[in-house]
Amino acid sequence: MSGTTTTKPLVTIGIPTYSRLSYLKQAVASAQAQTYPNIDILLSQNPNDDACITDTIADYCNTLLATDSRIRYQLHRQNLGPPANFNSIADAARGEYLAMIGDDDRLMPTAIEKMVSVVDSDPALVFTN
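The notes below deal with the structure included here. This structure is a prediction, so every number in the text was calculated from the model and none was measured. (Residues numbered from 1 in each chain as written. Predicted model: local features only at pLDDT ≥ 70, side-chain atom pairs only at ≥ 80, totals over all residues. Heavy atoms only, no water.)

1. Regarding the pattern of salt bridges
Taken as a whole and assessed by the stated rule, the structure comprises four salt bridges. A single network of salt bridges, built from pairs that share partners, joins Arg 20, Asp 103 and Asp 104. (Salt bridge = Lys/Arg side-chain N within 4 Å of Asp/Glu carboxyl O.)

Structure (structure tokens):
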């Protein structure tokens, strides 16, 4: 139909983290470099026993908030453990679709674009490696 536009579905890229800032930076950079335009990047941090590690990661994440409107950040008051941190991302996701990666994972630039093209064919689950 003329005059109608289609909005690309929002995809939340969830990245849980705990103590690996150098890896986290690479994971975030790979999420930011996606060719698919409609993304939301959610960083979810479990606090470390070492407050310096927690604070350093929090400072990095808060800096990202000021420079990239696609990024959101949550710091838990206590360490929930990995499964609950992943679940908290699922609970806070805004996207129609959710792509979870570890803080030590990287996405190829077209990963989300390709994922959405497969999801549009109506499968029950999309798993990538």
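2. Section: the pairing of strand S2 (residues 39-45)
Counting buried positions along S2 yields seven of seven residues, so the element is predominantly enclosed. The side-chain alternation of S2 yields two buried faces, one formed by Ile 39, Ile 41, Leu 43 and Gln 45 and the other by Asp 40, Leu 42 and Ser 44. As paired strands, strand S1 (residues 11-17) and S2 are joined by seven bridges and run parallel to one another. Each residue of the ladder has a partner; that of Ile 15, found in S2, is Leu 43. Pairing of S2 with strand S3 (residues 71-75) involves five bridges; the strand directions are parallel. Considered in S3, the bridge of Leu 43 is made with Tyr 73. In this view, the connection linking S2 to its parallel neighbour S3 by way of helix H2 (residues 51-67) has right-handed handedness. (Buried < 20%, exposed > 50% of the residue type's maximum accessible area, 1.4 Å probe, protein only. Helix = DSSP H or I, 4+ residues; strand = E, 2+ residues; numbered from the N terminus. Pairing = 2+ DSSP bridges. Right-handed = clockwise from strand over helix to strand, strands pointing away.)

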